[in-house]
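Residues per chain, in single letters:
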Amino acid sequence: MTAELNPTQRQFRAAMANLSAGVNVVTTEGESGRAGTTVTAACSVTDSPPTMAVCINKSASAHDAFVTNNTIAINVLAHEQEDVALVFANATDTPREKRFDDARWDLTTYGVPVLAGAAASLVGRIGTVSTHGTHSVLFVEIDQVVTTPEVGGLVYFQRKFHGVNNPA
């Protein structure tokens, strides 16, 4: 049973729908298996050392795998990869065990699944996990970076995906 939202929570959710956010599929592999999830709560923290923060709902089925495996890839989706975002957001009929069957996934080179053609993929280790409310914030120290500069991006705004063309 889901608790009724109070007015401030409802207003907060409506406000967050107006916050454009990059769409990412975060992946992991290790002793707890291969897992992934779609997130919009990811951002750079610093470049000394290169670090990103990623927020994962503690109730997400992949949450514990991320924390246990400790290795992570943040795949910043290109505008034509909305289908991947939907698969990892549980918005399709794709079973969990088939999510990585897409030929675009490089499952061997980096030790974690990296999506070919993503605007960027950042691979690293979780340095710190902080918990707040319903989410864990993973601070990921980046070891490897792959970019595809000629593609556009994918953002989430007003509860819909929108492609952003590369201006170059």
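Treat the numbers as computed from the prediction; the structure is a model and nothing was measured.

Reading the values: rules and limits
Residues numbered from 1 in each chain as written. Predicted model: local features only at pLDDT ≥ 70, side-chain atom pairs only at ≥ 80, totals over all residues. Heavy atoms only, no water. Helix = DSSP H or I, 4+ residues; strand = E, 2+ residues; numbered from the N terminus. Rg over C-alpha atoms; globule rule 2.2 N^0.38 Å. Buried < 20%, exposed > 50% of the residue type's maximum accessible area, 1.4 Å probe, protein only. Contact = heavy atoms within 4.5 Å. Areas by Shrake-Rupley, 256 points an atom, 1.4 Å probe, with all protein chains shown as cover. Lys, Arg positive; Asp, Glu negative; His and termini not counted. Charge placed at Lys NZ, Arg CZ, Asp CG, Glu CD. 1 Å grid on protein atoms, 1.4 Å probe; cavity = no way out; pocket = protein on both sides within 12 Å on 5 of 7 lines; lining within 4 Å. Points joined across faces, edges and corners; volume = space filled by probe spheres on them. Nonpolar A, V, L, I, M, F, W, Y, C, P; charged D, E, K, R; others polar.

**Student:** What exactly am I supposed to notice about the overall build of the protein chain here?
**Tutor:** In terms of regular secondary structure, the protein chain is built from 3 helices and 12 strands. Against the 2.2 N^0.38 benchmark of 15 Å for 168 residues, the protein chain shows a C-alpha radius of gyration of 16 Å, consistent with a compact globule. Scored against the burial criterion, the 168 residues of the protein chain give a buried share of 35%. Residue pairs in contact within the protein chain that sit at least 24 positions apart in sequence constitute 63% of those at least 6 positions apart. A total accessible area of about 9400 Å² is found for the protein chain, and carbon and sulfur atoms account for 53% of it. Charge centroids of the protein chain, computed over 11 positive and 16 negative side chains, lie 10 Å from each other.

**Student:** Could you clarify how one ought to interpret the layout of surface pockets in this entry?
**Tutor:** Empty space among the atoms can be located by rolling a probe the size of a water molecule over them. Considered as a void within the structure, the largest pocket measures approximately 1500 Å³ in volume. Lining the largest pocket are 34 residues, and of these M16, T40, A41, N57 and H135 sit closest to its centre. A per-element tally of the lining of the largest pocket places helix α1 (residues 7-17) first, with 5 residues. Counted by class, the lining of the largest pocket contains 18 nonpolar, 12 polar and 4 charged residues.

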